Amino acid sequence: RHVARRLVEAHERGVRVVWGRCWEGGGAPPFWPWGRIVDELCREGDGAWTERELGAGARRLGLMAPALGEHLDSQGPAPETEPDQARFAMLSSLAAFLRAAGSEAPLLLLFDDVDVADTDALIALEFVSRELRDAPVLGVATYKEHAIRTRPEAEAIMGSLARTCRTISLAGVPESDLAAMLEQITGVPPTQDLVHAVSVLPAGNPYFAVEVVRALASEGELSGEIGLPAARL
């Protein structure tokens, strides 16, 4: 809720807030979250602005952002023959594009669940963070640390980012905050037993805590002073 309020404030102050959600279902093309960001930033134009700012680099961006690619007039540069060279050219074009977009209005780029992002997308995150340190562009990425550990290359990239970027570890919601949230939902002060159980079962995750309480309420398990049936523990 606090983050959502800050996003609204940023938008009201003229910051362009753009989401780059990652897809964990498999089958997503390389650079998927970045392609969505590029397409979102270009939605108001027809590709002419991107070509004017990047020249031949616009066509490279069109390879990761399908909607942009459809609106480009140029044929673009000859494709690089070496994979590493091609990826570097793509990343350079992406950084140049974000720098140009940020010069028109500050950017806030939000990435959800980067632990499921493809390796190319993570490499782009590291590249852009290094190249745009002096640009009016702020990136926020969320990830599950235990999931990142299962991917050595991804863990190395996120570890590198952690050394140069600010890292905030999110823990479960304190029981005092859960109690206030439960009272807001039910309209009745919860018992300490319920607060403790709701804290333990979803590990303090506020979303799952709400779902637990709503499930119990829908089954008629919550009444009176709002307790938790022993059978549920």
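Residue numbers here run from 1 along each chain, matching the order of that chain's written sequence. It should be noted that, the model being predicted, local features are given only for residues of pLDDT at least 70 and side-chain atom pairs only at 80 or more, the latter also being counted only at that level, while totals for whole chains, interfaces and linings use all residues. Each side-chain value is derived from all of the structure's non-hydrogen atoms; neither hydrogens nor water enter the calculation.

1. Comments concerning the environment of Arg21
To be explicit about the condition: Only DSSP runs of H or I reaching four residues or more are called helices, and only runs of E reaching two or more are called strands; each is numbered from the N terminus. Residue contacts are counted whenever heavy atoms from the two residues lie within 4.5 Å of one another.
Structurally, Arg21 can be placed in the loop between β1 (16-19) and α2 (32-41). Considering only alpha carbons, one finds Arg21 and Thr142, 121 residues apart in sequence, at a separation of 10.0 Å. Setting aside anything within four residues of it in sequence, one finds Arg21 in contact with Trp32, Pro33, Arg36 and Asp112.

2. Describing the pattern of salt bridges
The condition is simple: Throughout this description, the term salt bridge denotes a Lys or Arg side-chain nitrogen within 4 Å of a carboxyl oxygen of Asp or Glu. A 1.4 Å probe rolled over the protein chains alone gives each residue an accessible area, and that area as a share of the maximum for its type sets the label: buried under 20%, exposed over 50%, partly exposed in between.
For the structure on display, the rule yields six salt bridges. We note a salt bridge from Arg87 to Asp84, for which the minimum N-O separation is 4.0 Å. Within this pair, Arg87 and its partner Asp84 are both found in helix α6 (residues 83-104), separated by three residues, close to a single helical turn. By relative accessible area, which is 29% here, Arg87 ends up partly exposed. Here Asp113 ties to Lys144 by a salt bridge, and the two come within 3.4 Å at their closest N and O atoms.

3. Things to note about the pairing of strand β3 (residues 137-141)
Short version of the rule: DSSP calls a pair of strands paired once it identifies at least 2 bridges connecting them. The path from the first strand over the helix to the second decides the hand: if it runs clockwise while the strands point away from the viewer, the crossover is right-handed.
Alignment of strand β2 (residues 107-111) against β3, held across five bridges, turns out to be parallel. Note on β3: the bridge partner recorded for Phe111 is Ala141. Following the chain from β2 across helix α7 (residues 119-131) to the adjacent parallel β3, one finds a crossover that is right-handed.

4. A word on the environment of Leu170
For Leu170, the position within the fold is in the loop between α9 (152-164) and α10 (175-186). Take Leu170: its relative accessible area is 79%, and that puts it in the exposed class. Taking the C-alpha atoms as reference points, Leu170 and Asn205, separated by 35 residues in sequence, lie 9.7 Å from one another.

5. Here's the deal with the side chain of Glu126
When you line up the elements, Glu126 lands in helix α7. For Glu126, a relative accessible area of 18% puts it in the buried group. Setting aside its immediate chain neighbours within four residues, Glu126 contacts Ile157, Ser160 and Leu161.

6. Re the sheet that holds β3
Pairing between sheet strands relies on hydrogen bonds along the backbone, with the strands arranged either parallel or antiparallel. Going by this rule: All axes here are fitted lines through C-alpha atoms, helices being fitted over the stretch that makes contact, and every angle between N-to-C directions spans 0 to 180 degrees.
Taken in spatial order, the three strands make up an open sheet running β1-β2-β3, and their pairing is parallel. Each edge of the open sheet carries a strand with a single partner, namely β1 and β3. Recorded for the sheet is a direction-independent mean angle of 15° between the axes of neighbouring strands. Bridge count for β1 against β2 is four bridges, and the pairing is parallel. For Trp19, the partnering residue across the bridge sits in β2 and is Leu110. Here α2 sits on the sheet and contacts β1 and β2; the angle it forms with β2, its principal contact strand, is near 145°.

7. Quick look at the packing of α10 against helix α11 (residues 192-200)
Formally: Should an angle lie under 35 degrees it is considered roughly parallel, over 145 roughly antiparallel, and from 65 to 115 roughly perpendicular; all remaining angles are considered oblique. When the near helix sits turned anticlockwise from the far one by under a right angle, the crossing is termed left-handed; a clockwise turn instead gives a right-handed crossing. In this count, Pro and Cys sit with the nonpolar residues alongside Ala, Val, Leu, Ile, Met, Phe, Trp and Tyr, while Asp, Glu, Lys and Arg are called charged and the others, Gly among them, polar.
Contact geometry for α10 and α11: axes closest at 9 Å, N-to-C directions at 110°. With respect to their mutual orientation, α10 and α11 come out roughly perpendicular. Between α10 and α11 lies a crossing whose hand is right-handed. Where α10 approaches α11, its residues Glu175, Leu178, Ala179 and Leu182 are matched on the opposing element by Gln192, Leu194, Val195, His196, Val198 and Ser199. Here the residues of the contact of α10 with α11 sort into six nonpolar, three polar and one charged.

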